[in-house]
Amino acid sequence: MAGVCLAGFLAGPGTIAGAQPPEPAGEPSPGQLGSGQLGSGQLIFGEPGEVTAIVDGDTLMLCDGREVRLVGIQAPKLPLGRAGFAPWPLAEEAKALLAELTLGKTVTPGFGGRRGDRHGRVLAHLFDAEGRWIQGAILAAGLARVYSFDDNRTLIAEMLALEREARARRRGIWALDFYAPRKAEQAGRWLGGFELVEGRVLSVGLVRRRAYLNFGDDWRSDFTIALDPAARKRFEAEGIDLQDYEGRLLRVRGWLKSRNGPMIEATHPEQIELLEE
């Protein structure tokens with residue numbers, strides 16, 4: 001174990017000594033990742049380390065003391081010392097899967113965006129010695145949801161595809177109502193949670209440089225997606241005209257807040273999926 005950690009430090013930041021970036025295997029398959037190899041244009045690989053402890057379904061500890069949060073996914077949550085916090089369904093199963101995939105094994109972090117959070121954790125994609133993409137394996141098993149941020153968008157499309165397949169096959173969390181997508185007209189029942197909400201956009205408005213996708217006639221009470229000026233620029237940079245969402249059936253993911261009715265703030269395009277009609 002000490003050897004693995006020492007070798008990682010000798011390699012230097014952003015490199016793996018004497019090695020090429022891992023090639024994905026298992027879930028997802030190389031075909032699901034495009035060319036079958038993740039080049040430096042997608043991820044920059046860091047120091048490998050042996051996994052010594054599992055915190056929950058999306059967080060683990062390495063032998064050198066790094067705490068790694070698997071970026072891009074949200075596994076069912078455990079209390080982790082929070083008073084009055086009830087564990088989410090299948091939280092222990094998600095933790096057990098992460099242990100099965102990684103505990104006692106050497107993993108390599110890959111970075112495609114911001115590398116750390118305010119808790120001091122490393123934010124990374126993880127790959128084992130055979131190139132298995134750990135996020136992909138968890139999503140394929142249906143034991144996590146895609147949970148993305150505007151400053152960490154690498155491989156979101158691939159993760160969404162794996163999530164969709166798991167949901168269609170009702171694997172893991174997708175067999176439970178607790179994680180089911182919510183109808184836009186019922187979104188107010190789920191305030192305070194991270195949710196997937198589906199519905200048809202009735203209108204698109206612009207007020208004081210903020211854009212609003214309205215799902216009902218009354219913006220004071222009906223579900224809305226809000227975008228601030230920075231988010232609007234990200235959508236525009238991807239060639240997305242927000243007016244094109246009008247009349248479209250879509251799915252959005254995010255934390256449901258109460259602001260003139262239930263609302264989700266969209267910060268990047270991958271939060272919104274157009275649904276087949």
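Going by the structure above, here's the rest.
Cut-offs applied
Residues numbered from 1 in each chain as written. Predicted model: local features only at pLDDT ≥ 70, side-chain atom pairs only at ≥ 80, totals over all residues. Heavy atoms only, no water. Salt bridge = Lys/Arg side-chain N within 4 Å of Asp/Glu carboxyl O. Helix = DSSP H or I, 4+ residues; strand = E, 2+ residues; numbered from the N terminus. Buried < 20%, exposed > 50% of the residue type's maximum accessible area, 1.4 Å probe, protein only. Pairing = 2+ DSSP bridges. Contact = heavy atoms within 4.5 Å. Axes fitted to C-alpha atoms, helices over the stretch in contact; angles between N-to-C directions. Arc of directions from axis to C-beta.

## Quick look at the pattern of salt bridges
Oppositely charged side chains are able to pair whenever their charged atoms sit close together.
Then comes step 1: One pass over the full model with this rule turns up 21 salt bridges.
Then comes step 2: When the shortest N-O distance is used, the salt bridge between Arg114 and Asp151 registers 2.6 Å. Of this pair, Arg114 sits in the loop between strand E6 (106-111) and strand E7 (122-128) while Asp151 sits in the loop between strand E8 (145-147) and helix H4 (156-168), and the two are 37 residues apart along the sequence.
Then comes step 3: A salt bridge links Arg153 to Glu270; its shortest N-O distance comes to 3.0 Å. Here Glu270 lies in the loop between strand E16 (262-265) and strand E17 (272-274) and Arg153 lies in the loop between E8 and H4, a separation of 117 residues in the sequence.
Then comes step 4: A relative accessible area of 22% places Arg153 in the partly exposed class.

## Section: the pairing of strand E11 (residues 203-207)
Then comes step 1: Of the pairings in the sheet, the one linking E11 to strand E12 (residues 210-214) comprises 5 bridges and is antiparallel in character. In the strand pairing of E12, Gly205 is matched with Tyr212.
Then comes step 2: Linking E11 back to E12 in an antiparallel pair, the connection comprises 2 residues, with Arg208 at a positive phi of about 50°.

## Some points on the side chain of Gln135
Then comes step 1: Counting through the fold element by element, Gln135 comes out in helix H3 (residues 134-140).
Then comes step 2: If near-sequence neighbours (up to four positions away) are discounted, Gln135 is found in contact with Leu70, Val71, Ile73, Ala124, His125, Leu126 and Met159.

## Regarding the sheet that holds strand E10 (residues 194-200)
Then comes step 1: With respect to topology, 4 strands assemble into an open sheet ordered E9-E10-E14-E17, the strand pairing being mixed. Both outer strands of the open sheet, strand E9 (182-183) and E17, are each paired with one neighbouring strand and no more.
Then comes step 2: Note that E9 and E10 share 2 bridges and pair parallel. Bridged to Lys183 within E10 is Glu198.
Then comes step 3: On the sheet, H4 packs against E10, strand E14 (249-255) and E17 and is oriented at approximately 105° with respect to E14.

## A word on helix H5 (residues 229-237)
Then comes step 1: What H5 keeps buried is the set Ala231, Arg232 and Phe235. Take H5 and look down its axis: the buried residues cluster within an arc of 100°, on one side only. Away from its buried face, by an angle of more than 90 degrees, H5 presents the exposed residues Lys233 and Ala237.
Then comes step 2: Looking at the buried positions of H5, the neighbouring elements they touch are E11, E12, strand E13 (224-227) and E17.
Then comes step 3: Once H5 finishes, Gly239 follows within two positions and takes phi at roughly 75°, a positive value.

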